[in-house]
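Descriptive analysis of the structure
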Amino acid sequence: MEKIGYRTLVLRYELSRLPPEVVSRIPELLLVQEEFRQWVSLWLRDPKKTPRPAENPLKYFVMEFLHAGALKWLVGVKKSGVEVQKAKMPLFFSAQLRLSNERDVSRGVFVDLTEKLIRIRRWSGRRGNTIVLPISEGAVRWILERVSEGGRLVLTAVWVGRSRRRRTAKLYVALVFRREVAAMQPKRLLVVDLNALHNGLVWAVVEGERMLKKGVLRPDISKVLHLQKIASRLDKLCAEDDRVCGEAVAVKSRIWRLLKTWEEKAVKELILTARKQKAAIVVDVPNDNSVRELKEGSYASKKKIFLNFGRLRRRLKEAAAWHGIPYYEKRLYSTLCPKCGGKMKELPSRRVRCICGFEAYRDEVPVFWATKLYPQLISFSSPFQQRGETLHI
């Protein structure tokens, strides 16, 4: 049974660092982006009664949007900054990837790895109005990895928006790769307890009632906390001296990159384990409202950054689909006893104990629940049963 997997590389270009010939085109690009957003908003309300544009460039973007089934793609990357609202609605382009000497077939976006450049065309409806952007070495490596795995570039989205962290204006280019992969027929389960990252990302491979392998993945907690202290001190100085503000932003960016790098490594390790063990991935995800209450409540402010695991969750889900690994989310309990179902008492050092005698680390309790529910979980993980939905038992 074949499955379709997607991987998306989002390239970010700060407008302040782009050459003048590119920056001069941004106002017109924003106008086109807004016109397209307005059309999509009308189309979403009533697809049948919304007329299609007769002139380029809007005609071209609508054709690519409908042809690519972009709404389905939007669902997957919405939280990465692509939304049908305000000025963030992306413009969709056909795309071509040149690896060596392939002929240019005049697609909307031309990704040329031989020159390490991206050429964005057809956005204005006029010839010769091309936006040229560089591609970093890291992006080239990422693209070549996807190609080596059988992926092909099928869609590109371009939009102008603001960074969530720094609120700086940026030009975004999202390269979407697609591949067909044989769906795994799992023999085991890889259970992942997604929790506050400073407590560790607990995982275990289970088969029936047996726990075959387990581990804990953690970012560099001490380094993140140290950088947060520096950023906090610089933020206070920033109120008195504007020259310090740039240093504060740089330190915060360093924290973000540190966590991002760790997330990428953690996802790679989990995917590798799932493939080696032929295991479906079952993720225990906390309730969104509970996480929101912690962020807005009295949770230690220096540790609130470790509650931001949404990006890790999306990366793992996307990578699982790319490799044909069944993935689904199941709310597994950490405070209810997997033996008798009773409420357990919390002990020091994140341990819990039940009156029936069961005792374990709190973050490992979901794994015991997975062994108890193993027959239902493994049957649901069959590629002929699994449809990507959240499992409710």
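In this report, the structure presented in the accompanying data block is examined. These figures come from a predicted structure and were not determined experimentally.

For the rest of this paragraph, the subject is the pattern of salt bridges. Inspection of the entire model under this criterion finds 24 salt bridges. Salt-bridge contacts for D104 lead to R121; the nearest nitrogen and oxygen are separated by 2.8 Å. Here R121 lies in the loop between β5 (117-120) and β6 (131-134) and D104 lies in the loop between β3 (95-98) and β4 (109-112), a separation of 17 residues in the sequence. A salt bridge links R362 to E346, with the nearest nitrogen and oxygen atoms 3.1 Å apart. Note that R362 is positioned in the loop between β16 (359-361) and α10 (365-372) and E346 in strand β14 (residues 345-347), a separation of 16 residues in sequence. Shared partners join several salt bridges into a network, and the residues in it are K260, E263, E264, R311 and R315.

This brings us to the sheet that holds β5. Spatially, β3-β4-β5-β6 is the arrangement adopted by the four strands of the open sheet, whose pairing is mixed. Looking at strand neighbours, the two that pair on one side only are β3 and β6, the edges of this open sheet. Averaged over all pairs of adjacent strands, the angle between strand axes in this sheet comes to 15 degrees, irrespective of strand direction. The sheet contact formed by β5 and β6 spans four bridges and is antiparallel. Bridge assignment links I118 to a residue of β6, and that residue is L133.

If you add up the space inside the second largest pocket, you get close to 510 Å³. Lining the second largest pocket are 28 residues, with N195, P286, R331, S334 and R362 sitting closest to its centre. At the level of secondary structure, the elements contributing two or more residues to the lining of the second largest pocket comprise α8 (288-296), β14 and β15 (351-353). Per element, the largest residue contribution to the lining of the second largest pocket is three residues, and it comes from α8. The residue inventory of the lining of the second largest pocket, partitioned by class, reads 14 nonpolar, seven polar and seven charged.

On to the pairing of strand β10 (residues 201-207), then. The buried count for β10 comes to six of seven residues, which makes it a mostly enclosed element. Examined bridge by bridge, strand β9 (residues 188-193) and β10 share five bridges and lie antiparallel to one another. If you follow D193 over to β10, its bridge partner there is V202. Sheet topology note: the β10/strand β11 (residues 210-217) ladder contains seven bridges and is antiparallel. When the sheet's bridge partners are listed, V202 is paired in β11 with V216.

Criteria and cut-off values
- Residues numbered from 1 in each chain as written.
- Predicted model: local features only at pLDDT ≥ 70, side-chain atom pairs only at ≥ 80, totals over all residues.
- Heavy atoms only, no water.
- Salt bridge = Lys/Arg side-chain N within 4 Å of Asp/Glu carboxyl O.
- Helix = DSSP H or I, 4+ residues; strand = E, 2+ residues; numbered from the N terminus.
- Pairing = 2+ DSSP bridges.
- Axes fitted to C-alpha atoms, helices over the stretch in contact; angles between N-to-C directions.
- 1 Å grid on protein atoms, 1.4 Å probe; cavity = no way out; pocket = protein on both sides within 12 Å on 5 of 7 lines; lining within 4 Å.
- Points joined across faces, edges and corners; volume = space filled by probe spheres on them.
- Nonpolar A, V, L, I, M, F, W, Y, C, P; charged D, E, K, R; others polar.
- Buried < 20%, exposed > 50% of the residue type's maximum accessible area, 1.4 Å probe, protein only.

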